[in-house]
Amino acid sequence: MRNAILVFAGMLGAVFSFQQASAAASKGVIEIGCITPLSGAAAPIGDRLSAGAKFAISQRPTVNGWEVQLNLQDTVGDPANALQKAQALAGNDNVRAITCLGYSQEAAAISGALKTGRLEIPYIDGNNVGDNITGDFCNDWTFRVAPNISTMINAMKLYLERNPSVGQNGWYIIGSDSAYGHGMEKTFAKVGAKVVGSNLAALDTQDWLPVINKALSSGADAIWLPVNFGTSLSQFLNQASQLGLLKQTKVFLPVGLPFLDAIQTLGDDGIGLISTSYQTDFVLPEAHDIAKAYYEANGEPPSQQTLQQIAVTNIILDAIEATQEPTREAIREALATKEFKNFNGTVKFRQPDQQAINTLLEGSIHKLSEPQFGVNYSWVAERSYSSAEVMPSAEEMGCKK
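Anyway, here's the lowdown on the structure attached to this text. Being a predicted model, the structure only gives us computed values, none of them experimental.

## Re the state of the cysteines
Per the stated rule, a full pass over the model turns up 2 disulfides. The disulfide bridge from C34 ends at C100, spanning 2.2 Å between sulfur atoms. For the disulfide bridge between C34 and C100, the dihedral angle about the S-S bond is near -105 degrees, and by the sign convention the bridge is left-handed. Taken together, the residues span a long stretch of sequence, with C34 in strand β1 (residues 28-36) and C100 in the loop between β4 (95-99) and α4 (104-115) at a distance of 66 residues. What makes C100 buried here is its relative accessible area of 2%. Covalently, C138 is tied to C399 through a disulfide, its sulfur atoms 2.1 Å apart.

What follows is the structure, given as structure tokens:
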């Protein structure tokens, strides 16, 4: 019995030693706030963004001895709620940065609060393209990896200069009734193309047939398609395929959709859908490795937004790693001064607007020679270039600090 007690005591000592060693090895917990719509019409967007943040952290659960955790908050797609969630996270000392915002309206609310000093916490956006986020609302705390609307429009303009026959009969704009859709519709005039019609539908639109019929009857031979990600866009693409719109016109999506379910169900009808600026090509080696790891961990391929959020979360983790003490100010300074590498290339936040200079990819949907990650079709880059070639200056975008 005495020997049993000694063994048990030894085991307890070993457990306590292990716990003490673990506690000594960990400097504490750092949280990254993921504020995103997990319910409501935009839930598919939030699901994809939060999946990207979760995956990135699962691959790097500790940084410089700090345990990294995700603090996930549901905005329900409401800008006021998003701001309230951000304010609550800013009051939590463990939270060192926020990300994952789903809608441009939400992102603008956060950037506006950061500009006016109501918040002081690094905010890194990889999803929203509204010009005002790093334009009128530019500030020392907001960083954006995704290109703004004006950059994407300029990329489209360059594409048309190289392909002047596209859209000769006119363009039809089909988009979502959101800041994204309205911004794209308004700014598209800068392309210099002839617009013969436009229709912005509710975010939760499922029946696109009336809109598609109008586009078909307009005589337009090119479609500009700023429809928000999610079920609505999948429904549009499937119905557009059924009515022949994808075969009769060239369809341009401002951002790529590497593994959107609709692409797989479209089959050959989806071949040729074009993006002129922002997408991820998983054929590229590093993107391929990320997609493979995600697929093996989750049993499904990552969406475009998931890939974007993986890249952004890794930038946050890299910024934390670059600090001696990961305070919010130190992380902000690292973001503002360092160059970061992701699976499309390098990212550097220019000053003063902190809009990323990064690699943009122009390409279209192809059928893969061999299925990968459960998909037969995906975007393939046909041209890569620096966003500096098409990005308006901070002054042009109205950035005044």
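That was the structure; now back to the text.
## Some remarks on the packing of aromatic side chains
Using the criterion set out here, one finds 10 aromatic pairs in the structure. Taking 5.3 Å as the distance between ring centres and 75 degrees as the angle between the ring planes, the aromatic pair formed by Y159 and F252 counts as edge-to-face. Linking Y159 in helix α5 (residues 149-162) with F252 in strand β10 (residues 250-252), this pair joins segments that are 93 residues apart in sequence. Accessibility assignment for this pair places Y159 and F252 in one class, buried.

## Quick word on the sheet that holds strand β12 (residues 339-342)
What the 3 strands build is an open sheet, ordered β12-β13-β14; its pairing is antiparallel. Both edges of this open sheet fall to β12 and β14 (356-357), since each of them pairs with a single strand only. Bridge analysis of strand β13 (residues 345-349) against β14 gives 2 bridges, and the strand direction is antiparallel. Bridged to F349 within β14 is A356. The strands that helix α13 (residues 328-337) touches are β12 and β13; relative to β13, the one it contacts most, it runs at about 115 degrees.

Calculation notes
- Residues numbered from 1 in each chain as written.
- Predicted model: local features only at pLDDT ≥ 70, side-chain atom pairs only at ≥ 80, totals over all residues.
- Heavy atoms only, no water.
- Disulfide = S-S within 2.5 Å.
- Helix = DSSP H or I, 4+ residues; strand = E, 2+ residues; numbered from the N terminus.
- Buried < 20%, exposed > 50% of the residue type's maximum accessible area, 1.4 Å probe, protein only.
- Phe/Tyr/Trp six-rings, centres within 6.5 Å; stacked < 30°, edge-to-face > 60°.
- Pairing = 2+ DSSP bridges.
- Contact = heavy atoms within 4.5 Å.
- Axes fitted to C-alpha atoms, helices over the stretch in contact; angles between N-to-C directions.

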